[in-house]
Amino acid sequence: MEFGHVPVLLKECIEGLCIKPEGTYIDGTLGGAGHGYEVCRRLSGAGRFVGIDQDSDAIEASAERLRQFGERVTIVKSNYIHMKQILDGLGVGGADGILLDLGVSSHQLDAVDRGFSYRMDAPLDMRMDQSQALTAKEIVNSYDEKMLGDIIKKYGEERYAKSIARHIVKRRQEQEIRTTGELAEIIRASMPAKALNGKGNPAKRTFQAIRIELNQELSVLENSLEDMVDLLNSGGRLCIITFHSLEDRIVKRFFQNKENPCTCPPDFPVCVCGRKAEGKVITRKPILPGKEEMEINKRSKSAKLRIFEKK
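From a predicted model like this one, the values you see are computed outputs, not experimental measurements.

Thresholds applied
- Residues numbered from 1 in each chain as written.
- Predicted model: local features only at pLDDT ≥ 70, side-chain atom pairs only at ≥ 80, totals over all residues.
- Heavy atoms only, no water.
- Helix = DSSP H or I, 4+ residues; strand = E, 2+ residues; numbered from the N terminus.
- Rg over C-alpha atoms; globule rule 2.2 N^0.38 Å.
- Contact = heavy atoms within 4.5 Å.
- Areas by Shrake-Rupley, 256 points an atom, 1.4 Å probe, with all protein chains shown as cover.
- Polar contact = N/O pair within 3.5 Å; in protein donor to acceptor, adjacent residues only side chain to side chain.
- Buried < 20%, exposed > 50% of the residue type's maximum accessible area, 1.4 Å probe, protein only.
- Disulfide = S-S within 2.5 Å.
- Arc of directions from axis to C-beta.
- Pairing = 2+ DSSP bridges.
- Axes fitted to C-alpha atoms, helices over the stretch in contact; angles between N-to-C directions.

Chemist: What am I meant to see in the overall build of the protein here?
Modeler: From N to C terminus, the protein includes 15 helices and 7 strands. The globule rule puts the C-alpha radius of gyration for 311 residues at 19 Å, and the 21 Å found for the protein is close to it. C-alpha atoms of the protein, sized along the principal axes, occupy 60 × 60 × 40 Å. Restricting to contacts in the protein with at least 6 residues of sequence separation, those with at least 24 account for 69%. When the accessible surface of the protein is split by element, carbon and sulfur atoms take 49% of a total near 15,300 Å².

In C-alpha coordinates, the structure reads:
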(Lines give C-alpha, C1' and ligand atoms only; values in the text may rest on other atoms or scores of the structure.)
Protein backbone atom coordinates (compact mmCIF):
# COMPACT_ATOMS: atom_id res chain seq x y z
CA MET A 1 0.00 0.00 0.00
CA GLU A 2 1.39 3.42 -0.99
CA PHE A 3 2.23 5.63 1.99
CA GLY A 4 -0.27 8.46 1.82
CA HIS A 5 -0.68 11.23 4.37
CA VAL A 6 -2.16 14.68 3.86
CA PRO A 7 -0.08 17.10 5.95
CA VAL A 8 -2.25 18.97 8.45
CA LEU A 9 -1.92 22.75 8.87
CA LEU A 10 0.84 22.74 6.26
CA LYS A 11 0.78 26.45 5.39
CA GLU A 12 0.55 27.39 9.06
CA CYS A 13 3.50 25.17 10.01
CA ILE A 14 5.73 26.52 7.26
CA GLU A 15 4.88 30.09 8.24
CA GLY A 16 5.35 29.25 11.92
CA LEU A 17 8.83 27.82 11.38
CA CYS A 18 10.02 31.09 9.72
CA ILE A 19 12.42 29.06 7.56
CA LYS A 20 15.88 30.48 6.84
CA PRO A 21 17.32 29.10 3.58
CA GLU A 22 20.61 28.15 5.27
CA GLY A 23 19.05 27.00 8.54
CA THR A 24 18.79 23.56 10.11
CA TYR A 25 15.33 22.01 10.58
CA ILE A 26 14.21 18.83 12.29
CA ASP A 27 10.98 16.91 11.73
CA GLY A 28 10.62 14.48 14.62
CA THR A 29 7.56 12.74 13.12
CA LEU A 30 8.51 12.63 9.46
CA GLY A 31 5.72 10.36 8.16
CA GLY A 32 5.41 10.62 4.40
CA ALA A 33 7.39 13.91 4.42
CA GLY A 34 4.40 16.11 3.63
CA HIS A 35 5.69 18.88 5.88
CA GLY A 36 9.32 17.89 5.31
CA TYR A 37 9.11 18.32 1.54
CA GLU A 38 7.92 21.90 1.88
CA VAL A 39 10.68 22.66 4.39
CA CYS A 40 13.35 21.21 2.09
CA ARG A 41 12.04 23.20 -0.89
CA ARG A 42 12.88 26.37 1.00
CA LEU A 43 16.45 25.42 1.92
CA SER A 44 19.59 26.35 0.02
CA GLY A 45 23.33 26.67 0.54
CA ALA A 46 24.22 25.19 3.92
CA GLY A 47 20.56 24.45 4.72
CA ARG A 48 19.99 21.07 6.34
CA PHE A 49 17.00 18.88 7.14
CA VAL A 50 16.85 15.90 9.50
CA GLY A 51 13.76 13.68 9.46
CA ILE A 52 13.06 11.17 12.22
CA ASP A 53 10.39 8.46 12.29
CA GLN A 54 10.04 5.05 13.94
CA ASP A 55 7.78 3.63 11.22
CA SER A 56 9.66 1.64 8.55
CA ASP A 57 6.98 2.37 5.92
CA ALA A 58 7.36 6.11 6.59
CA ILE A 59 11.14 5.93 6.31
CA GLU A 60 10.94 4.21 2.93
CA ALA A 61 8.31 6.58 1.54
CA SER A 62 9.94 9.78 2.80
CA ALA A 63 13.40 8.74 1.58
CA GLU A 64 11.99 8.40 -1.93
CA ARG A 65 10.09 11.67 -1.75
CA LEU A 66 13.06 13.68 -0.46
CA ARG A 67 15.67 12.03 -2.67
CA GLN A 68 15.83 15.05 -4.99
CA PHE A 69 17.25 17.20 -2.19
CA GLY A 70 20.39 15.07 -1.97
CA GLU A 71 22.86 15.39 0.89
CA ARG A 72 20.93 18.24 2.43
CA VAL A 73 18.57 15.60 3.86
CA THR A 74 19.29 13.00 6.56
CA ILE A 75 16.60 10.47 7.51
CA VAL A 76 16.86 8.42 10.70
CA LYS A 77 14.67 5.53 11.86
CA SER A 78 14.16 6.23 15.55
CA ASN A 79 11.80 7.79 18.08
CA TYR A 80 12.00 11.56 18.45
CA ILE A 81 12.73 11.09 22.16
CA HIS A 82 16.29 10.34 20.99
CA MET A 83 16.56 13.58 19.01
CA LYS A 84 19.42 15.02 21.06
CA GLN A 85 21.56 11.88 20.68
CA ILE A 86 20.72 11.68 16.98
CA LEU A 87 21.83 15.26 16.31
CA ASP A 88 24.96 14.80 18.42
CA GLY A 89 25.82 11.76 16.32
CA LEU A 90 25.31 13.75 13.12
CA GLY A 91 27.41 16.64 14.37
CA VAL A 92 24.43 19.02 14.29
CA GLY A 93 24.99 21.65 16.95
CA GLY A 94 21.54 23.22 17.01
CA ALA A 95 18.30 23.68 15.11
CA ASP A 96 16.50 26.73 13.75
CA GLY A 97 13.20 24.89 13.80
CA ILE A 98 11.70 21.65 15.08
CA LEU A 99 8.34 20.23 14.02
CA LEU A 100 6.21 17.49 15.56
CA ASP A 101 2.95 16.25 14.04
CA LEU A 102 1.62 13.93 16.73
CA GLY A 103 -1.24 12.45 14.73
CA VAL A 104 -1.51 8.89 13.45
CA SER A 105 -0.81 9.00 9.72
CA SER A 106 -3.47 8.26 7.11
CA HIS A 107 -1.35 5.34 5.98
CA GLN A 108 -1.31 3.83 9.46
CA LEU A 109 -5.07 4.24 9.78
CA ASP A 110 -5.85 2.90 6.31
CA ALA A 111 -3.38 -0.01 6.19
CA VAL A 112 -5.53 -2.89 7.41
CA ASP A 113 -2.66 -4.95 8.81
CA ARG A 114 -1.52 -2.13 11.11
CA GLY A 115 -4.61 -2.49 13.32
CA PHE A 116 -5.04 1.19 14.22
CA SER A 117 -8.58 1.59 12.92
CA TYR A 118 -11.81 0.53 14.60
CA ARG A 119 -13.57 0.78 11.22
CA MET A 120 -11.90 -2.32 9.74
CA ASP A 121 -11.43 -5.83 11.10
CA ALA A 122 -7.69 -6.43 11.42
CA PRO A 123 -5.14 -7.97 13.79
CA LEU A 124 -4.86 -6.00 17.04
CA ASP A 125 -1.49 -4.33 16.48
CA MET A 126 -1.27 -0.49 16.75
CA ARG A 127 2.54 -0.36 16.89
CA MET A 128 4.13 2.81 15.58
CA ASP A 129 7.43 0.93 15.51
CA GLN A 130 6.81 -2.46 13.94
CA SER A 131 10.01 -3.89 15.41
CA GLN A 132 8.55 -3.47 18.91
CA ALA A 133 7.55 -6.77 20.54
CA LEU A 134 4.50 -5.58 22.51
CA THR A 135 1.26 -5.15 20.55
CA ALA A 136 -2.26 -4.02 21.37
CA LYS A 137 -3.32 -7.68 21.47
CA GLU A 138 -1.03 -8.34 24.45
CA ILE A 139 -2.37 -5.30 26.30
CA VAL A 140 -6.01 -6.27 25.70
CA ASN A 141 -5.45 -9.89 26.70
CA SER A 142 -2.97 -9.56 29.58
CA TYR A 143 -3.61 -6.33 31.52
CA ASP A 144 -5.87 -6.90 34.52
CA GLU A 145 -9.29 -5.29 34.74
CA LYS A 146 -8.19 -2.35 36.89
CA MET A 147 -5.21 -1.55 34.67
CA LEU A 148 -7.40 -1.63 31.56
CA GLY A 149 -10.03 0.55 33.19
CA ASP A 150 -7.45 3.08 34.37
CA ILE A 151 -5.82 3.31 30.94
CA ILE A 152 -9.12 3.72 29.11
CA LYS A 153 -10.25 6.36 31.60
CA LYS A 154 -6.95 8.29 31.67
CA TYR A 155 -5.87 8.15 28.04
CA GLY A 156 -9.28 7.86 26.39
CA GLU A 157 -11.23 10.07 28.82
CA GLU A 158 -13.94 7.44 28.44
CA ARG A 159 -16.81 7.64 30.96
CA TYR A 160 -17.67 3.94 30.50
CA ALA A 161 -14.09 2.77 31.07
CA LYS A 162 -14.91 0.40 33.93
CA SER A 163 -17.69 -1.28 32.02
CA ILE A 164 -15.51 -1.66 28.92
CA ALA A 165 -12.66 -3.17 30.96
CA ARG A 166 -15.06 -5.57 32.65
CA HIS A 167 -16.50 -6.74 29.32
CA ILE A 168 -13.02 -7.18 27.82
CA VAL A 169 -11.92 -9.40 30.70
CA LYS A 170 -15.14 -11.41 30.56
CA ARG A 171 -14.80 -12.01 26.80
CA ARG A 172 -11.14 -13.02 26.92
CA GLN A 173 -11.91 -15.64 29.57
CA GLU A 174 -13.92 -17.37 26.87
CA GLN A 175 -11.41 -16.82 24.05
CA GLU A 176 -8.47 -14.58 23.15
CA ILE A 177 -9.40 -11.23 21.63
CA ARG A 178 -7.42 -11.05 18.40
CA THR A 179 -8.89 -8.41 16.08
CA THR A 180 -9.94 -4.78 16.04
CA GLY A 181 -13.43 -5.87 14.99
CA GLU A 182 -13.81 -8.09 18.04
CA LEU A 183 -12.61 -5.29 20.35
CA ALA A 184 -14.92 -2.72 18.74
CA GLU A 185 -17.89 -5.09 19.17
CA ILE A 186 -17.05 -5.61 22.87
CA ILE A 187 -16.84 -1.85 23.39
CA ARG A 188 -20.26 -1.32 21.82
CA ALA A 189 -21.74 -4.06 24.02
CA SER A 190 -20.30 -2.30 27.10
CA MET A 191 -22.19 0.95 26.55
CA PRO A 192 -25.78 2.04 27.12
CA ALA A 193 -27.92 2.76 24.07
CA LYS A 194 -27.74 6.55 24.60
CA ALA A 195 -23.94 6.43 24.27
CA LEU A 196 -24.19 4.59 20.96
CA ASN A 197 -26.36 7.28 19.43
CA GLY A 198 -23.92 10.11 20.00
CA LYS A 199 -21.42 11.66 17.59
CA GLY A 200 -18.45 9.61 16.51
CA ASN A 201 -17.64 5.94 16.80
CA PRO A 202 -18.07 4.58 20.37
CA ALA A 203 -14.75 2.70 20.05
CA LYS A 204 -12.69 5.80 19.26
CA ARG A 205 -11.69 6.74 22.81
CA THR A 206 -10.78 3.20 23.87
CA PHE A 207 -8.68 2.61 20.75
CA GLN A 208 -6.92 5.92 21.40
CA ALA A 209 -6.20 4.90 24.99
CA ILE A 210 -4.73 1.52 24.06
CA ARG A 211 -2.62 3.09 21.30
CA ILE A 212 -1.24 5.74 23.66
CA GLU A 213 -0.39 3.12 26.29
CA LEU A 214 1.24 0.80 23.77
CA ASN A 215 3.41 3.48 22.16
CA GLN A 216 3.95 5.47 25.39
CA GLU A 217 2.98 8.57 23.44
CA LEU A 218 2.41 10.98 26.33
CA SER A 219 5.51 10.04 28.29
CA VAL A 220 7.64 10.31 25.13
CA LEU A 221 6.22 13.80 24.53
CA GLU A 222 6.71 14.94 28.13
CA ASN A 223 10.26 13.62 28.25
CA SER A 224 11.28 15.15 24.91
CA LEU A 225 10.14 18.76 25.18
CA GLU A 226 13.01 19.99 27.36
CA ASP A 227 15.63 18.53 25.00
CA MET A 228 13.95 20.11 21.98
CA VAL A 229 14.02 23.60 23.49
CA ASP A 230 17.69 23.04 24.45
CA LEU A 231 18.44 22.10 20.83
CA LEU A 232 16.95 25.29 19.40
CA ASN A 233 19.25 28.11 18.36
CA SER A 234 18.36 31.63 19.48
CA GLY A 235 15.24 32.64 17.57
CA GLY A 236 14.53 29.01 16.67
CA ARG A 237 10.96 27.78 16.80
CA LEU A 238 9.28 24.63 18.07
CA CYS A 239 6.00 23.85 16.28
CA ILE A 240 3.81 21.06 17.63
CA ILE A 241 0.53 19.76 16.20
CA THR A 242 -1.64 17.84 18.67
CA PHE A 243 -4.85 15.91 18.07
CA HIS A 244 -6.41 15.44 21.50
CA SER A 245 -6.68 17.35 24.76
CA LEU A 246 -4.14 15.25 26.67
CA GLU A 247 -1.31 16.12 24.26
CA ASP A 248 -2.42 19.72 23.87
CA ARG A 249 -2.49 20.26 27.64
CA ILE A 250 1.09 18.98 28.00
CA VAL A 251 2.37 21.26 25.22
CA LYS A 252 0.40 24.31 26.39
CA ARG A 253 1.63 24.08 29.99
CA PHE A 254 5.22 23.41 28.96
CA PHE A 255 5.31 26.43 26.65
CA GLN A 256 3.74 28.64 29.30
CA ASN A 257 6.29 27.52 31.87
CA LYS A 258 9.18 28.22 29.49
CA GLU A 259 7.87 31.75 28.95
CA ASN A 260 7.07 32.41 32.60
CA PRO A 261 9.03 30.03 34.87
CA CYS A 262 8.94 32.26 37.95
CA THR A 263 7.73 30.39 41.05
CA CYS A 264 7.58 33.41 43.39
CA PRO A 265 4.24 34.16 45.10
CA PRO A 266 2.19 36.75 43.15
CA ASP A 267 2.46 39.31 45.98
CA PHE A 268 6.30 39.36 45.94
CA PRO A 269 7.47 42.81 44.76
CA VAL A 270 10.49 41.32 42.94
CA CYS A 271 11.45 37.88 41.68
CA VAL A 272 13.75 35.99 44.03
CA CYS A 273 13.59 32.50 42.48
CA GLY A 274 16.01 33.52 39.74
CA ARG A 275 14.22 31.61 36.99
CA LYS A 276 14.36 33.39 33.64
CA ALA A 277 12.19 33.09 30.57
CA GLU A 278 13.70 30.90 27.83
CA GLY A 279 11.55 32.33 25.08
CA LYS A 280 8.04 33.34 24.18
CA VAL A 281 4.82 31.64 23.18
CA ILE A 282 3.90 32.72 19.66
CA THR A 283 0.41 31.22 19.76
CA ARG A 284 -1.67 32.66 22.61
CA LYS A 285 -4.45 30.44 21.31
CA PRO A 286 -3.74 27.34 19.22
CA ILE A 287 -3.93 27.65 15.45
CA LEU A 288 -6.81 25.56 14.08
CA PRO A 289 -7.51 24.30 10.57
CA GLY A 290 -9.74 26.47 8.42
CA LYS A 291 -13.13 25.39 7.13
CA GLU A 292 -11.73 24.52 3.70
CA GLU A 293 -9.02 22.26 5.11
CA MET A 294 -11.50 20.48 7.38
CA GLU A 295 -13.76 19.81 4.40
CA ILE A 296 -10.88 18.44 2.31
CA ASN A 297 -9.26 16.47 5.15
CA LYS A 298 -11.73 15.39 7.81
CA ARG A 299 -8.87 14.02 9.96
CA SER A 300 -7.63 17.59 10.45
CA LYS A 301 -10.67 18.63 12.49
CA SER A 302 -9.12 18.00 15.92
CA ALA A 303 -5.67 19.40 15.06
CA LYS A 304 -4.14 22.25 17.09
CA LEU A 305 -0.82 23.95 16.37
CA ARG A 306 1.18 25.66 19.12
CA ILE A 307 4.46 27.51 18.53
CA PHE A 308 7.26 28.51 20.90
CA GLU A 309 10.25 30.72 20.00
CA LYS A 310 13.51 30.44 21.91
CA LYS A 311 15.06 33.61 23.31
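Chemist: In this structure, what is going on with the environment of Asn 141? I would like to understand it.
Modeler: Examined against the element boundaries, Asn 141 turns out to sit in helix H6 (residues 136-142). Distance in space between the C-alpha atoms of Asn 141 and Asp 57 is 27 Å, their sequence separation being 84 residues. For Asn 141, the residues in contact, after removing those within four places along its chain, are Arg 172, Glu 176 and Ile 177. A polar contact is formed between the side chain of Asn 141 and the backbone oxygen of Lys 137, at a distance of 2.8 Å. Of note is the side chain of Asn 141, whose polar atom sits 2.7 Å from the backbone oxygen of Ile 177.

Chemist: Mind showing me how you'd approach the side chain of Ser 224 here?
Modeler: Inspection of the secondary structure assignment puts Ser 224 in the loop between helix H12 (217-222) and helix H13 (225-231). Judged by relative accessible area, Ser 224 falls into the buried class, the value being 1%.

Chemist: Looking at this structure, I do not really get unusual backbone geometry. What am I missing?
Modeler: Note: most residues except glycine have negative phi, and most peptide bonds are trans. For Ala 33, which is not a glycine, the phi torsion comes out positive at approximately 70 degrees. Mapped onto the elements of the fold, Ala 33 is located in the loop between strand E1 (24-27) and helix H2 (34-41). A positive phi angle, near 50 degrees, is found at Glu 157, a position not held by glycine. The residue Glu 157 is located in the loop between helix H7 (145-156) and helix H8 (161-174) in this model.

Chemist: Which parts of the structure should I look at to understand the state of the cysteines?
Modeler: On inspection of all chains with the given rule, the structure shows 0 disulfides. Just so you know, Cys 239 is unpaired, no disulfide at all, and the nearest cysteine sulfur is the one on Cys 13, 6.0 Å from it. According to the relative accessible area criterion, Cys 239 is buried, its value standing at 0%.

Chemist: Would you mind showing me how to read helix H3 (residues 56-65) here?
Modeler: Working note: α-helix, 3.6 residues per turn, so residues spaced by three or four point in the same direction. Along H3, the residues that are buried comprise Ala 58, Ile 59 and Ser 62. Take H3 and look down its axis: the buried residues cluster within an arc of 100 degrees, on one side only. Looking at the packing, one finds that the buried side of H3 touches strand E2 (48-53) and strand E3 (73-77). If you check the start of H3, you find a side-chain oxygen 2.8 Å away from the backbone N of Asp 57, and it comes from Asp 55.

Chemist: I keep staring at the sheet that holds strand E6 (residues 279-281) and nothing clicks. Help me out?
Modeler: Through backbone hydrogen bonds, the strands of a sheet pair up, either in parallel or in antiparallel fashion. Spatial strand order, E3-E2-E1-E4-E5-E7-E6: 7 strands in an open sheet with mixed pairing. Looking along the sheet, the strands with just one partner apiece sit at the ends: E3 and E6. In this sheet, adjacent strand axes meet at a mean angle of 15 degrees when their direction is disregarded. The sheet contact formed by E1 and E2 spans 4 bridges and is parallel. Each residue of the ladder has a partner; that of Tyr 25, found in E2, is Phe 49. H3 contacts E2 and E3 of the sheet and is inclined by roughly 165 degrees relative to E3.

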